[in-house]
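Tertiary structure, described
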Amino acid sequence: MKKIITILFLFALLVSSAQIDRSKEPKTGPVPELNLGVPQSFELSNGLKVIVVKNTKLPRVSFTLTIDNPPSVEGDKAGVGQLMGSLLGKGSATIEKDAFNEEVDYMGAFISFNASGGFARGLSKYSGRLLELMADAALNPNFTEEEFKKEQNILLDGLKSNEKSVSTVSGRVSAALAYGTNHPYGEFVSQETVKNVTLADVQKYYRNYFVPKNAYLAVVGDVDFLKLKQEITTTFEAWKKGSPPVVSLAIPRDAQYTQINFVDMPNAVQSEIDVQNIMDLKMTDSEYFPALLANKVLGGSFRSYLNASLREDKGYTYGAGSRMRADRYASRFTASASVRNTVTDSAVVVFMGQLERIKNEKVDAQELAIAKAEYVGEFVMALERPETIARYALNILTEDLPEDFYTTYLEKINAVTVDDVQQAAQKFINTDKAKIVVVGKGSEVLENLEKVRFKGKTIPIKYYDPYAIATEKPDYSADLPEGTTLEAVLNKYIEAIGGKDKLEGVEAYSILAEAEMQGMKLNLEMKKTSKNQFMQDVKVMGNSMSKQVINDGGGYMVMQGQRKDMEEEELKKAREESAPFPELNYLNGGVTLEGIETIDGKKTYKVKVSDEKTSFYDMETGLKVKDLTSGEMQGQQMTSTITYTNYQEVSGILFPFAIGQTMGPQMLEFIVKEIKVNEGVSDADFE
């Protein structure tokens with residue numbers, strides 16, 4: 001009997017499968033019904049507006065405090081707001097920081113703050129105490145000089161480590177050129193502005209801007225409204241009335257004509273491209289929903305025009321996209337991607353072609369239907385997060401939206417037509433006044449970039465430095481001085497640091513150095529011997545983060561506790577660099593002198609060590625200033641940079657006492673604490 005049932009079941013599956021035409025995409029299902037909850041609200045006498053959305057699905061609660069002040073310019077103290085936000089939540093005037101954190105941890109809760117408010121979540125049974133802690137930290141901040149200095153140093157370290165980040169520079173310059181540095185969206189935080197900020201500035205900023213005039217508290221979760229209302233009134237009524245300073249915002253303008261804004265980054269192995277223009281889009285506009293779908297088709301999904309052309313068709317990038325974000329103060333359209341240096345000019349052409357396509361060609365009806373389905377899915381999935389419900393409730397108030405804006409959201413999405421999408425694209429994408437921001441290695445990309453044409457005309461190029469200051473076109477025409485040879489460059493370096501006899505007398509040396517990353521200490525230990533033994537270990541709080549060892553038997557790497565033995569080719573390359581002073585080996589051949597390149601304002605000799613590594617030597621002093629190593633990791637082209645400065649003498653040899661090392665997008669500066677020559681190294685170090 002069981003066998004008969006099994007056969008019948010399999011037969012039913014086969015019949016069912018045969019009836020499905022898998023060559024056609026399934027039809028879009030009906031629009032799901034949304035139940036966002038009916039918010040209840042009240043307002044305190046100080047102006048704080050409270051919104052409560054009851055949700056009993058889980059015994060949890062979240063509090064979102066939003067201070068919806070108009071954006072303001074911080075000027076020569078840019079970063080003061082960020083510092084103020086980072087200091088909030090470090091305990092309070094009544095609760096010491098460690099006790100505050102311990103109580104939050106005990107409840108399994110989470111509390112965080114920023115310059116524009118805060119967020120807390122936890123179990124409903126702790127709702128009252130969680131609210132008390134959040135209010136206490138917000139209204140009675142514990143601004144101390146010690147914590148201020150700590151947060152200031154963390155911010156400075158972050159800024160310093162990102163100095164050479166191509167993506168960071170691209171984001172900064174793109175915003176500055178779009179809005180202007182005299183607009184809140186265009187100004188940027190720098191090491192100089194952060195150093196200008198004092199604790200008194202933070203306290204003043206808090207008094208001026210952290211006020212209840214434009215403040216909203218959104219509560220979502222399993223709560224009793226009347227009880228919660230009493231608790232909020234009790235905890236937040238002490239917040240003194242106040243209004244932020246009145247500000248007038250500069251009006252951003254588009255370029256007068258389409259142009260390329262180029263920033264030279266000699267360390268870039270990829271170019272960052274950002275095509276942008278100012279637009280005027282608010283959530284209350286009739287074009288809002290068509291604009292969302294126009295962006296989804298153009299660059300808002302994996303199958304979008306931009307991603308399909310730049311990634312799937314051309315293979316120029318691992319991902320391309322675009323963004324249209326509504327903003328009642330100022331908004332912009334952006335389309336961006338990271339592309340290989342060699343295809344930078346071609347990628348710009350593809351970008352402009354696809355922007356013209358969305359404007360001039362009507363979207364295929366099936367593509368629009370798929371875009372709508374994706375939007376519906378993303379919208380419904382986002383509703384699983386309490387923060388989303390809170391944000392929607394706040395948007396209705398802050399953006400002056402109709403009460404049914406979100407309950408009818410999907411209906412409005414599905415009502416958008418092909419014509420609506422084209423009209424939105426034509427209104428908000430301005431290819432005739434676009435700023436095409438390109439951040440990349442000028443010596444490799446500029447020659448072809450200068451030939452890019454759009455609508456029959458060559459696109460003019462303007463040049464900027466990494467802080468959006470107009471500058472002259474980089475000069476790459478410097479020729480090698482007559483008679484300059486690779487041997488002369490290497491010998492100048494060898495003589496500069498101590499001479500060949502001195503270097504050949506080194507059997508081993510060890511280096512200990514320290515760096516800081518987001519307030520944490522990193523320790524670097526490196527050891528080399530003349531027997532081609534090498535060991536480098538980077539530790540965080542005493543735990544090894546990455547380690548590399550080379551010895552007579554082979555070599556291995558350890559990353560986050562996972563060991564990987566080097567393959568033969570990897571080991572061969574590593575051994576070539578494991579000598580105490582590799583330049584002595586370079587004299588035997590295998591490297592080439594490529595030319596001259598300017599680094600940080602200084603001219604250097606560029607020496608190609610291998611296909612993966614290039615070294616740079618100061619033309620004036622002879623000292624090495626940088627190593628640049630590139631390679632592929634998990635399918636992506638990666639680059640690693642090491643800089644060498646502050647040379648000091650140890651045992652008659654000059655060593656760099658400041659070593660900058662990239663880790664992802666960050667640049668860490670290791671300060672050497674100790675160097676030992678011909679002591680403190682044994683074979684056991686390389687096991």
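Given the structure is predicted, the values throughout are model-derived calculations rather than measurements.

Our focus in this paragraph is the pairing of strand S1 (residues 40-43). Two elements, S1 and strand S2 (residues 49-54), share 4 bridges in a ladder whose sense is antiparallel. If you follow Ser41 over to S2, its bridge partner there is Ile51. Linking two consecutive strands that pair antiparallel, namely S1 and S2, is a turn of 5 residues; a positive phi of about 110° is found at Gly47 within it.

What follows is about the packing of aromatic side chains. With the rule as written, the count across this model stands at 24 aromatic pairs. Between Phe42 and Phe225, the ring centres sit 6.0 Å apart and the planes meet at 75°, which makes this aromatic pair edge-to-face. In this pair, Phe42 is assigned in strand S1 and Phe225 in helix H9 (residues 225-236), connecting sequence segments 183 residues apart. In this structure an aromatic cluster arises from ring pairing among Tyr288, Phe289, Phe379, Tyr392, Phe405, Tyr406 and Tyr409. We note Arg172 situated over the ring of Phe188; from NZ or CZ to the ring centre the distance is 5.8 Å. Its guanidinium or amino end placed over the ring of Tyr556, Arg563 lies 3.7 Å from that ring's centre, counting from NZ or CZ.

All right, on to the nonpolar core then. Ranked by internal contacts, the top residues of the largest apolar core, which has 76 residues, are Ile273, Val275, Tyr288, Tyr406, Tyr409, Ile436 and Leu449. In terms of residues, this core owes the most to one element, helix H10 (residues 288-299), which gives 8 residues. If you look at the next biggest cluster of nonpolar residues, it comprises 51 residues, including Val50, Val80, Tyr209 and Leu217.

Looking now at the environment of Thr641. Looking at the element boundaries, Thr641 is found in strand S25 (residues 636-650). Along the primary structure Thr641 and Ile459 are separated by 182 residues, whereas in three dimensions their C-alpha atoms are 32 Å apart. Those residues in contact with Thr641 that lie beyond four places of it in its chain are Asn267, Lys626, Asp627, Leu628, Gly660, Gln661, Thr662 and Met667.

As summarised here, the arrangement of the 6 strands in space is S1-S2-S6-S3-S5-S4, forming an open sheet in which the pairing is mixed. On the outer flanks of this sheet lie S1 and strand S4 (110-114), each paired with one strand and no other. The average undirected angle you get between the axes of adjacent strands in this sheet is 10°. Here H9 sits on the sheet in contact with S1, S2, strand S3 (60-67) and strand S6 (215-221), set at roughly 25° to S1.

Attention now goes to the sheet that holds strand S10 (residues 331-340). The strand order across the open sheet formed by 6 strands is S9-S10-S8-S11-S7-S14, and the pairing between neighbours is mixed. Looking along the sheet, the strands with just one partner apiece sit at the ends: strand S9 (320-324) and strand S14 (461-464). Averaged over neighbouring strand pairs, the angle between their axes works out to 20° when direction is ignored. The pairing of strand S8 (residues 270-279) with S10 spans 10 bridges and is classified as antiparallel. When the sheet's bridge partners are listed, Val275 is paired in S10 with Ala335.

Bringing helix H16 (residues 418-428) into the picture now. In an α-helix, one full turn covers 3.6 residues, which means residues spaced three or four apart are oriented alike. Here H16 has its buried residues at Val418, Val421, Gln422, Ala424, Ala425 and Phe428. Projection of H16 onto a plane perpendicular to its axis shows the buried side chains occupying an angular sector of 160°, all on one side. In this structure, the buried side of H16 is in contact with S8, H10, S9, S10, helix H12 (344-360) and helix H13 (365-382).

Averaged over every residue, the pLDDT of the protein is 90; the share at 70 or more is 93%. The low-confidence segment residues 1-18 (pLDDT under 50) makes 1 contact with residues lying over four places distant or belonging to another chain.

Buried within helix H11 (residues 305-313) we find Tyr305, Leu306, Asn307, Ser309 and Leu310. In this structure, the buried residues of H11 make contact with H10, S9, S10 and H12. With its phi angle positive at about 70°, Gly315 sits one or two positions after the end of H11.

With that settled, the discussion passes to the environment of Gly589. Residue position: Gly589 is located in the loop between helix H21 (583-586) and strand S21 (592-599). Relative accessible area serves as the criterion here: at 43%, Gly589 is assigned to the partly exposed category. For the pair Gly589 and Val609, spaced 20 residues apart in the sequence, the C-alpha separation amounts to 9.7 Å.

The subject of this paragraph is the pairing of strand S5 (residues 117-123). Regular strands have side chains that alternate between both faces of the sheet. In terms of residue burial, S5 counts as a mostly covered element, since 5 of its 7 residues are buried. Two strands pair when backbone bridges link them, and S3 and S5 are joined in this way by 7 bridges, in the antiparallel orientation. The residue of S5 that forms the bridge with Leu65 is Gly118. Here 5 bridges tie S4 to S5, and the two strands are oriented antiparallel to one another. Looking at S5, one finds that Asn114 is bridged to Gly117. Between S4 and S5, which pair antiparallel one after the other, the connecting turn spans 2 residues.

The rules behind each value
Residues numbered from 1 in each chain as written. Predicted model: local features only at pLDDT ≥ 70, side-chain atom pairs only at ≥ 80, totals over all residues. Heavy atoms only, no water. Pairing = 2+ DSSP bridges. Helix = DSSP H or I, 4+ residues; strand = E, 2+ residues; numbered from the N terminus. Phe/Tyr/Trp six-rings, centres within 6.5 Å; stacked < 30°, edge-to-face > 60°. Lys NZ or Arg CZ within 6 Å of the ring centre and 35° of its normal. Core = buried A, V, L, I, M, F, W, Y, C linked by side-chain atoms within 4.5 Å. Buried < 20%, exposed > 50% of the residue type's maximum accessible area, 1.4 Å probe, protein only. Contact = heavy atoms within 4.5 Å. Axes fitted to C-alpha atoms, helices over the stretch in contact; angles between N-to-C directions. Arc of directions from axis to C-beta. pLDDT = per-residue confidence, 0-100.

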